[in-house]
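Structural overview for review
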Amino acid sequence: MASLKPILSHIDNIPSTPGKFKADKSSLYYLHHRFRLHSTVPRITFWSLVFLALISLFFFMSPPSTTAPRRGLRTTASYGGSGWENQVKASAKIRSRNGHSVLVTGAAGFVGAHASLALKRRGDGVVGLDNFNSYYDISLKKSRKSQLLDRAGVFVVDGDINDAVLLRKLFGIVHFTHVLHLAAQAGVRYAMVNPNSYIKSNVDGFVNLLEVAKSTNPQPAIVWASSSSVYGLNTKVPFSEKDRTDQPASLYAATKKAGEEIAHTYNHIYGLSITGLRFFTVYGPWGRPDMAYFFFTKDILKRRPISIFEGAQHTTVARDFTYIDDIVKGCLSALDTAKKSTGSGGKKKGEAQFRIINLGNTSPVSVNKLVSILEKLLKVKAKKKVVLMPRNGDVPFTHANISLARKELGYRPTTDLETGLKKFVKWYLDYYGTKKKSAF
Ligand SMILES: O=C(O)[C@H]1O[C@H](OP(=O)(O)OP(=O)(O)OC[C@H]2O[C@@H](n3ccc(=O)[nH]c3=O)[C@H](O)[C@@H]2O)[C@H](O)[C@@H](O)[C@@H]1O
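The following refers to the structure shown. (Residues numbered from 1 in each chain as written. Predicted model: local features only at pLDDT ≥ 70, side-chain atom pairs only at ≥ 80, totals over all residues. Heavy atoms only, no water.)

What follows deals with the site of the ligand. Among the 23 residues in the neighbourhood of the ligand, the closest are listed as R189, S227, S228, Y252 and S307. In the model, an oxygen atom of the ligand is placed 2.7 Å from a nitrogen or oxygen of the S227 side chain. Measuring from an oxygen atom of the ligand, one finds a side-chain N or O atom of Y252 at 2.5 Å. Look at the ligand: alone it shows 700 Å² of surface, and the protein chains cover 94% of it. (Near = heavy atom within 4 Å. Polar contact = N/O pair within 3.5 Å; in protein donor to acceptor, adjacent residues only side chain to side chain. Areas by Shrake-Rupley, 256 points an atom, 1.4 Å probe, with all protein chains shown as cover.)

This part covers the packing of helix α12 (residues 367-378) against helix α14 (residues 417-432). Between two packed helices, the angle of one axis relative to the other and the distance separating the axes together describe the packing. For the pair α12 and α14, the least separation of the axes is 10 Å and the interaxial angle reads 45°. Classified by the angle their axes make, α12 and α14 are oblique. Considering the relative orientation of α12 and α14, their crossing is right-handed. Taken together, the residues of α14 that come into contact with α12 (itself represented by L370, I373, L374, K376, L377 and L378) are L417, E418, L421, K422 and V425. Considering only residue class, the contact of α12 with α14 consists of 8 nonpolar, no polar and 3 charged. (Axes fitted to C-alpha atoms, helices over the stretch in contact; angles between N-to-C directions. Helix = DSSP H or I, 4+ residues; strand = E, 2+ residues; numbered from the N terminus. Parallel < 35°, antiparallel > 145°, perpendicular 65-115°, else oblique. Left-handed = near helix turned anticlockwise from the far one by under 90°. Contact = heavy atoms within 4.5 Å. Nonpolar A, V, L, I, M, F, W, Y, C, P; charged D, E, K, R; others polar.)

As for its position among the elements, T322 is in strand β10 (residues 322-323). One polar contact links the side chain of T322 to the main-chain carbonyl oxygen of D320, over a distance of 2.9 Å. Ignoring sequence-local partners within four residues, the contact set of T322 consists of F280, T281, V282, Y283, I327, L359, G360, N361 and Y411.

Turning next to the pattern of salt bridges. Enumeration according to the criterion identifies 22 salt bridges in this entry. Between E261 and K257 there is a salt bridge, with its nearest N and O atoms 2.8 Å apart. Of the two residues, E261 and K257 both sit in helix α9 (residues 251-270), 4 residues apart, roughly one turn of that helix. Owing to a relative accessible area of 18%, K257 belongs among the buried residues under this scheme. With a shortest N-O distance of 2.5 Å, K376 and E418 are connected by a salt bridge. One end of the pair, K376, is in helix α12; the other, E418, is in helix α14, with 42 residues separating them in the sequence. Owing to a relative accessible area of 28%, E418 belongs among the partly exposed residues under this scheme. Each of the salt bridges in this network shares a partner with another, and the network as a whole consists of K257, E260, E261 and R278. (Salt bridge = Lys/Arg side-chain N within 4 Å of Asp/Glu carboxyl O. Buried < 20%, exposed > 50% of the residue type's maximum accessible area, 1.4 Å probe, protein only.)

With that settled, the discussion passes to the nonpolar core. Of all hydrophobic cores here, the largest spans 79 residues; its most connected members are V111, L180, L277, F279, Y293, L421 and W427. Considering each element in turn, this core owes the most residues, 8 residues, to α14. Not counting the four nearest positions on each side in its chain, L277 is found in contact with V223, W224, A225, S226, S227, G330, C331, A334, I357, L359 and L409. Counting 33 residues, the second-largest nonpolar core is a separate cluster that includes F155, I173, A183 and Y270. (Core = buried A, V, L, I, M, F, W, Y, C linked by side-chain atoms within 4.5 Å.)

Turning to the side chain of D326, a few remarks are in order. Its location among the elements puts D326 in helix α11 (residues 324-337). Owing to a relative accessible area of 1%, D326 belongs among the buried residues under this scheme. Beyond its immediate chain neighbours, meaning those up to four positions away, D326 contacts Y411, R412, P413, T414 and T415.

The strand order across the open sheet formed by 7 strands is β3-β2-β1-β4-β5-β6-β11, and the pairing between neighbours is parallel. Sheet topology places β3 (155-158) and β11 (354-359) at the edges, where each strand pairs with a single neighbour. Strand-to-strand twist of the sheet, defined as the mean angle between neighbouring strand axes without regard to direction, takes the value 20°. Both strand β1 (residues 101-105) and strand β2 (residues 125-130) contribute to a ladder of 5 bridges, which runs parallel. Note that in β2 the partner of T105 across the bridge is L129. (Pairing = 2+ DSSP bridges.)

What follows deals with the packing of aromatic side chains. Using the criterion set out here, one finds 30 aromatic pairs in the structure. Seen in terms of ring centroids, F171 and F176 are 5.4 Å apart; in terms of plane orientation they differ by 80°. Their pairing is edge-to-face. We classify F171 as buried; its relative accessible area is 8%. Following the ring pairs from residue to residue traces out a cluster consisting of Y283, W286, Y293, F294, F321, Y323, F424, W427, Y428, Y431 and Y432. (Phe/Tyr/Trp six-rings, centres within 6.5 Å; stacked < 30°, edge-to-face > 60°.)

This paragraph deals with unusual backbone geometry. With an omega dihedral of 5°, the bond running from N217 to P218 counts as a cis peptide bond. Relative to the elements of secondary structure, P218 occurs in the loop between α8 (195-215) and β5 (221-227). Residue P238 is reached from V237 by a cis peptide bond, and omega for that bond is -5°. Looking at the element boundaries, P238 is found in the loop between β5 and α9. Phi is positive for F132, close to 45°, though the residue is something other than glycine. Considering the arrangement of structural elements, one finds F132 in the loop between β2 and α6 (138-152). Positive phi outside glycine occurs at R303, with the angle close to 60°.

What follows is the structure, encoded as C-alpha cells:
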C-alpha cells in the first residue's frame, strides 16, 4: 500500500498565512482554500474523495499478478436473470434444418471466435463461454467479441469452465446438442512460467465440463481441442493417431494428453460421444499474440530482433502450420459427424463414439521459411538471431498424417503457408495499423 505520507507531507510545508503563498493551483492546499473547505462536513467529504482517488490510482497502477491470468474485467462471474436467460436462448436458437445447438467454450479465443462465427452463419444455434483472462491482450478478445461475434448474434457468456453452477445453469436453459470445447490454457513455453494455469484449465476445467455434460439429459456430443504437441519427441513422421504419445515434451502437451485419457473414461463410463482434434500450429487473422508468426510480425515491423530456434547440429525447426479456415472446416465436420451420446442423467445406455483425429496441413515448413515469407509480405528485413532451441517444451518438428481426418471428416486443407500468412498480415496491418498500441 503506497504510503500517503509523501503526498500529505506536502500540505504541512505550506505557510500558514495563505496570502503570502502563491498556491500552485493544482495543489491540494489551493483546492482546500479555494473551495472553502474550512467547515467540517465538506472537509471530510474532500479528504475522503482524495483518499478514494489515491486508492483507485494504486490499483490501476499496480502490476498485473504473475501468478495466473486474471479474469476479464469482472472479478466474480455475474450472470442470471430473465434478460440474460433470454439472450442465451435467442443465441442458441437453431435456424437451419438439422442444425445443431452448440456451446462453444473459449468463444472469444482465436479458433473459438472463427468456429462460432462459421456455425452461426450456417444457421446453427451458438452460445459462447469465455473467461476473458489476461494470458494475452484482453482487448483482442474483446474485439473478436465486438467485431465478429456480437455482430453475428452470438451471445458470449463471461464465465469460466471451472464454474459448475454456471455450466449447469446454461444446460438448464438450453438443450445443447453439441459442445465445442476450445477453452484451454494454450502455449507450449508458458507452462514453465505458470504450470498451475494448465492444470486449472486443461484438467480441472475439462473434468468439470465433462461432469456437467454426463449428467444432462439428453447428453451433448463433445468435440474438443487436443494438440499436435502430444506427439512430443516422436521421430517417426508424419505423425499418425496410432503412434505412441507417452513422451510429451511440455506440461502443456502432458495436460492435453491427460485430456485424451480423461475423455476416454467419460466415454467408457457415461456414454459421452467425444472427439478429440489434434490441432497443428493454427495461424491466421485474429490469431494469438503469443505465437511466433504473430510476434515475429510485430517485432519485424518494429525493427526488433527475433530469435529463430534451431535444433542440435544446426538442424532446422519446422511446423505443420495449419490455416484457421481449414481448422474450422475440420471442427464443423467433426460436429456434423459426431454420433449422439448414449447416456442420460449420468447413466450409460450403450457404447458411444470415441475419436482422436489429426487436423494439420501435411506440409511442414521451417521457421526460417516462415520468416522469409513474412519479410516479403511486410517488405522489411528481419533482424534474425539464430539460437539453439531452449529446453522449454518445444519440439523440433511436427508433421500431420491426415488420412483419418480425410476418411472420417472429409477433411482437405487447401491453404498453403504463404497464402495464409498473406491474409494474416493484411488483417494485422489493418487491425493494429501504425497508430494503435502494440499487440503484446
Ligand atoms: O501444434 C500445436 O498443437 C501447438 O501449436 C502452437 O505451438 P508451437 O507449434 O510451438 O507454435 P509457436 O509457439 O508459434 O512456435 C512456432 C515455431 O517457432 C519456433 N519459435 C518460437 C518462438 C521463438 O522465439 N522462436 C522460434 O523459432 C518454435 O520452436 C516453433 O517451431 C501453439 O502455441 C500451441 O498452443 C498449439 O497447441
